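Breakdown of the fold
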Amino acid sequence: MTIGLGGGSTIGYLISYIKESELNVKVVTPSFKTASLCIENGLQVVPTWSVSNIDIAFDGCDEVDEELNALKSGGGIHTKEKIIASMSREYILLVDESKFVRELEFNHPVVLEIIPESKGYVELIIRDLGGEPKMRSSEAKDGITITDNGLFLIDAFFDKNKISSIEKLNQDLNSIVGIVDTSLFYNIATKVIVASNEEIKVIERKVN
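Going by an unreviewed UniProt entry, the protein chain carries the name Ribose 5-phosphate isomerase A and comes from Clostridium hominis.

Okay, here's the thing in C-alpha cells:
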C-alpha cells in the first residue's frame, strides 16, 4: 500500500515501527527530513506527483480539537501536507494529550503560504479579519523565509475570542487572492490518535 507520512518527531517513531514490522509500503512525504529517515530505514519513498491516491496518511499538528479541526505552524510545508491529506482515504493525526483541546485555542498562528506579490494585500485583509500578520523571517537573504515552492510565509495571529466560526475563518482565508493555502486543517482529518501516560484514545470525526 501507499502511505503518507508528515513531519515531526512522532512520525519518526512510526517509521521505526514500520521497519520493525517489515511492512511492504511505499511512502510519500512533504518533509525532506522524513524522506531521509525513511531511506535510512530501508523504506521506499516515491514522489507525491507519481501517485493519484493514498491508502492512509499520518501526520502531527500543534493543536487539534474535538471536531478534528487542526492547526499546523512549524515547518511551512502545510500546502504539500494538505495535498497528501486530500489524496488519502484516511488522514490520521498523531498527538499527545497536550495538543488535544475542546476547541482550537489559536495559541499558534495560522500560517499562510502566499504569492510574493500579494504580501501587502494579504496583510491588509488579515487585519480586516481581526488578525495580526507577521512575515516569517529567516537568516537568509533579505531575512524572508522562502518555501520549497518559492513562496512567502505569513504567520497570522488570531484571538480565539474574536473568531465567530472556524468554518467561516477557513472560508475567509481561502477566499483571499494570493493565498495558496493555510495551515488551518478544517474538515480534513478523519481520525486523531491521542496518547497520554494512561491510555491511547482514537477519536473519529463525526459525520453529519
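More follows now that the structure is in view.
It is worth spelling out the layout of surface pockets at this point. Roughly 450 Å³ of internal volume is contained in the largest pocket. Of all the elements in the fold, those that place two or more residues in the lining of the largest pocket are α1 (9-21), α3 (78-87), β7 (91-96) and β14 (191-195).

Scanning all chains against the criterion turns up 10 salt bridges. Note that Asp 181 and Lys 82 form a salt bridge whose closest N and O atoms lie 3.0 Å from each other. Highlighted residues: Asp 181 in strand β12 (residues 179-182) and Lys 82 in helix α3, separated in sequence by 99 residues. One exposure class covers both Asp 181 and Lys 82, and it is buried. For Lys 160, the salt bridge goes to Glu 105, with nearest N and O atoms at 3.6 Å. Taken together, the residues Lys 160 in the loop between β11 (152-157) and α5 (166-174) and Glu 105 in the loop between β8 (100-101) and β9 (110-114) connect sequence positions 55 residues apart. Residues participating in the shared-partner salt-bridge network are Asp 59, Lys 72 and Glu 81.

Turning next to empty space enclosed by the protein. If a probe as big as a water molecule is rolled over the atoms, it shows which places are left empty. One pass over the full model with this rule turns up one cavity of 30 Å³ or more. For the largest cavity, the calculated volume is near 40 Å³. What lines the largest cavity is Gly 4, Leu 5, Gly 6, Pro 30, Ala 57, Phe 58, Asp 59, Glu 81, Ile 84 and Tyr 91. At the level of secondary structure, the elements contributing two or more residues to the lining of the largest cavity comprise β1 (2-5), β4 (56-59) and α3. Element by element, the count of residues in the lining of the largest cavity is highest for β4, at three residues.

A few words now on the sheet that holds β8. As summarised here, the arrangement of the four strands in space is β8-β5-β6-β13, forming an open sheet in which the pairing is mixed. The outermost strands of the open sheet, each flanked by one partner alone, are β8 and β13 (184-185).

Per the stated rule, a full pass over the model turns up one aromatic pair. Consider the rings of Tyr 91 and Phe 185, whose centres lie 6.1 Å apart with planes at 25 degrees: the pair is stacked. Residue Tyr 91 is located in strand β7, and its partner Phe 185 is located in strand β13; the two are separated by 94 residues in the primary sequence. Here Tyr 91 and Phe 185 have matching classes, each one buried.

Right, let's talk about the pairing of β9 for a bit. For β9, the tally of buried residues reaches five of five residues, placing the bulk of the element in the interior. Neither face of β9 is left uncovered, since the one carrying Val 110, Leu 112 and Ile 114 and the one carrying Val 111 and Glu 113 both have all their residues buried. The sheet contact formed by β9 and β11 spans five bridges and is antiparallel. Looking at β11, one finds that Val 111 is bridged to Asp 155. Summarising the sheet, β9 and β12 pair through three bridges and their orientation is antiparallel. Paired with Glu 113 across the strands is Asp 181, a residue of β12.

Moving on, we come to the environment of Glu 22. As for its placement among the helices and strands, Glu 22 is situated in the loop between α1 and β2 (26-28). When the C-alpha atoms of Glu 22 and Gly 42 are compared, they prove to be 9.8 Å apart, with 20 residues separating the residues in sequence.

On the secondary structure map, Asn 41 appears in the loop between α2 (32-40) and β3 (44-45). Contacts of Asn 41, omitting those with residues within four sequence positions, involve Ile 15 and Lys 19.

Definitions and limits used
- Residues numbered from 1 in each chain as written.
- Predicted model: local features only at pLDDT ≥ 70, side-chain atom pairs only at ≥ 80, totals over all residues.
- Heavy atoms only, no water.
- 1 Å grid on protein atoms, 1.4 Å probe; cavity = no way out; pocket = protein on both sides within 12 Å on 5 of 7 lines; lining within 4 Å.
- Points joined across faces, edges and corners; volume = space filled by probe spheres on them.
- Helix = DSSP H or I, 4+ residues; strand = E, 2+ residues; numbered from the N terminus.
- Salt bridge = Lys/Arg side-chain N within 4 Å of Asp/Glu carboxyl O.
- Buried < 20%, exposed > 50% of the residue type's maximum accessible area, 1.4 Å probe, protein only.
- Pairing = 2+ DSSP bridges.
- Phe/Tyr/Trp six-rings, centres within 6.5 Å; stacked < 30°, edge-to-face > 60°.
- Contact = heavy atoms within 4.5 Å.

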